[in-house]
Amino acid sequence: MSTTDTNTPDAPDARLIIAASEIDADLYYATHFLAPDAFIFLQTETEKILLVSDLELDRARTHAQVDTVLSLSRYQHTARRNGIENPTSLDALRQVLQEREIKTLLVPRTFPIEAADHLRNAGYRLSFPPGSFFPRRECKTPDEIDHIRQVQRHTETAMHTAIGAVREAGVQDGVLYLNGAPLTAGAVKRLIALSLMENGCTARHTIVACGDQACDPHNQGSGALRAGQMIVIDIFPRSDHTGYFADITRTIVKGPPTHDQRRLYETVLEAQTLALERIRGGENGKEVHHAVMDLFENRGYATGEIDGRMQGFFHGTGHGVGLEIHEPPRISKADIPLRPGHVVTVEPGLYYPGRGAVRIEDLVVVTPDGCDNLTSYPKELEV
């Protein structure tokens, strides 16, 4: 029997999502059916239903983890018999709702406004939840953790390829050269993409940022890589097969780092170690984050806007990872308790233009008395 997340007397009759599961994590989570075009998902207390085009009908009946798969064209035909001249998918949906005597619907915050207006004008009552649409998505099952662990292994392989290219490169006038050409951020990202593709994963927005570029945490990096400068490599791919993400960041320097660079790196590593020691079921993410902030402050690394640019530690300590690369929970200033089964990143960082940037990121599963680190790739500054 399929059940909704809420079971109170005031709960809506059904949950409704209209989206493409290729980009909507909640819809994929509910159906395990991957499709590039929008389709209709309806969930009552006893039934999960898909309403799909004839193009997807057989595939949905074979692969979707639902109770019932209905033909969109059949219900459009029913709508036509009921007097609607050119019925749309929403008219077909209304036939299904009437057939099952559904009058109130819980929808996601991203629900299409056209669909909301159509249903409200037809007398249906729509509401959305205050938090996650499927709160149980936050705590991963053992199978989900295995999926994420597998992607993380492929991500570490790609990281090894990237760092290996920097290690192998020679230096000419401060610029890294490999195979007779400057080693660029783009070239390293292509090596990463190829490694991931060979393992059935796809990454977008991979970061290979050198020097001051890395002081903007989301700068993807460009141009030639240089010796003696911090290089931040952040890889967060998705499995083409399971849809789950992984995430890892390492910071390296080609050649001997300066004393200031090494101290910066060791301080971030100390902060990450502290966070990893604090994480456990029942611990508040806010307290973990504040502990990291306090450590940086006590080591003399201030955070704030300097010369019009944020410097120091100005992002969260971590975020949830699953069917989305950023999903609840957060380890940040927000008051969010951690629970066993949460899969979160632990990625403190320090960013100072002219001095360097460091971010070190592992991916962990929260357990009742600590955390299980899904990341095994070594942490070394000099290559």
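Note that the structure is predicted; figures quoted are calculated from it, not measured.

### Examining the overall build of the protein chain
The secondary structure content of the protein chain amounts to nine helices and 23 strands. Taken over the C-alpha atoms alone, the protein chain extends approximately 75 × 45 × 40 Å along its principal axes. Across the 383 residues in the protein chain, those meeting the buried criterion constitute 52%. Restricting the contact set of the protein chain to residue pairs at least 6 apart, pairs at least 24 apart contribute 63%.

### Topic: the side chain of Glu 327
By the secondary structure assignment, Glu 327 is in strand β18 (residues 327–331). Polar contacts involving the side chain of Glu 327 include one to the side chain of Arg 137, which spans 2.7 Å. At 2.6 Å, the side chain of Glu 327 and the side chain of Lys 140 are in polar contact. Each residue touching Glu 327, except ones within four places of it in the same chain, is listed here: Arg 137, Lys 140, His 319, Gly 320, Val 321 and Gly 322.

### Here we look at the side chain of Arg 359
Along the chain, Arg 359 falls in strand β21 (residues 356–359). Separated by 2.9 Å, the side chains of Arg 359 and Tyr 351 make a polar contact. With near-sequence residues (within four places) excluded, Arg 359 lies in contact with Ile 207, Pro 217, Val 232, Asp 234, Thr 249, Arg 250, Thr 251, His 315, Glu 347, Pro 348, Gly 349 and Tyr 351.

### Regarding the pairing of strand β4 (residues 68–71)
Neither face of β4 is left uncovered, since the one carrying Thr 68 and Leu 70 and the one carrying Val 69 and Ser 71 both have all their residues buried. Where strand β3 (residues 48–52) lies against β4, four bridges are found, and the strand directions are parallel. When the bridges of β4 are listed, Val 52 appears paired with Ser 71. This β-α-β element, β3 to helix α2 (residues 54–63) to β4, shows right-handed connectivity.

### As for unusual backbone geometry
Pro 329 follows Pro 328 through a cis peptide bond whose omega is 5°. Residue placement: Pro 329 occurs in strand β18. The phi dihedral of His 32 is positive, around 50°, even though this residue is not glycine. Inspection of the secondary structure assignment puts His 32 in the loop between α1 (25–31) and β2 (39–43).

### Considering the pattern of salt bridges
Close approach of charged atoms allows side chains with opposite charge to pair. A full pass over the atoms with the stated rule returns 20 salt bridges. Arg 167 is paired through a salt bridge with Glu 380; the nearest N and O atoms lie 2.9 Å apart. In this pair, Arg 167 sits in helix α6 (residues 142–168) while Glu 380 sits in the segment after β23 (370–373), placing the two residues 213 residues apart along the sequence. Taking relative accessible area as the criterion, Arg 167 reaches 36% and is therefore assigned partly exposed. One salt bridge in this structure joins Arg 262 and Glu 382, with 3.8 Å as the shortest N-O distance.

### So, the packing of helix α8 (residues 259–278) against helix α9 (residues 285–298)
The contact between α8 and α9 brings their axes to 9 Å, and the two run at 155°. Taken as axis vectors, α8 and α9 run roughly antiparallel relative to one another. Seen from above, α8 lies across α9 with right-handed handedness. Seen from α8, the contacting residues are Thr 267, Val 268, Glu 270, Ala 271, Leu 274, Ala 275 and Arg 278; seen from α9, they are Glu 287, Val 288, Ala 291, Val 292, Leu 295 and Phe 296. For the contact of α8 with α9, the per-class residue count stands at nine nonpolar, one polar and three charged.

### What to know about the confidence of the model for the protein chain
Interpreting fine coordinate detail is not advised for predicted regions of low pLDDT. Of the residues in the protein chain, 97% have a pLDDT of 70 or more, and the chain-wide mean is 95. Scored below 50 in pLDDT, residues 1–9 makes 24 contacts in the model with residues more than four places away or belonging to other chains.

### Considering the nonpolar core
Ranked by size, the top nonpolar core spans 61 residues in total, and within it Leu 50, Leu 183, Ile 192, Leu 225 and Ile 233 carry the most contacts. The element contributing the most residues to this core is α6, with nine residues. Once you skip the residues sitting within four places of it in the chain, Ile 233 turns out to touch Met 159, Ala 162, Ile 163, Ile 192, Ile 207, Val 208, Ile 248, Thr 249, Arg 250 and Ile 252. Counting 26 residues, the second-largest nonpolar core is a separate cluster that includes Val 253, Phe 296, Ile 331 and Val 344.

Quick notes on the rules
- Residues numbered from 1 in each chain as written.
- Predicted model: local features only at pLDDT ≥ 70, side-chain atom pairs only at ≥ 80, totals over all residues.
- Heavy atoms only, no water.
- Helix = DSSP H or I, 4+ residues; strand = E, 2+ residues; numbered from the N terminus.
- Buried < 20%, exposed > 50% of the residue type's maximum accessible area, 1.4 Å probe, protein only.
- Contact = heavy atoms within 4.5 Å.
- Polar contact = N/O pair within 3.5 Å; in protein donor to acceptor, adjacent residues only side chain to side chain.
- Pairing = 2+ DSSP bridges.
- Right-handed = clockwise from strand over helix to strand, strands pointing away.
- Salt bridge = Lys/Arg side-chain N within 4 Å of Asp/Glu carboxyl O.
- Axes fitted to C-alpha atoms, helices over the stretch in contact; angles between N-to-C directions.
- Parallel < 35°, antiparallel > 145°, perpendicular 65-115°, else oblique.
- Left-handed = near helix turned anticlockwise from the far one by under 90°.
- Nonpolar A, V, L, I, M, F, W, Y, C, P; charged D, E, K, R; others polar.
- pLDDT = per-residue confidence, 0-100.
- Core = buried A, V, L, I, M, F, W, Y, C linked by side-chain atoms within 4.5 Å.

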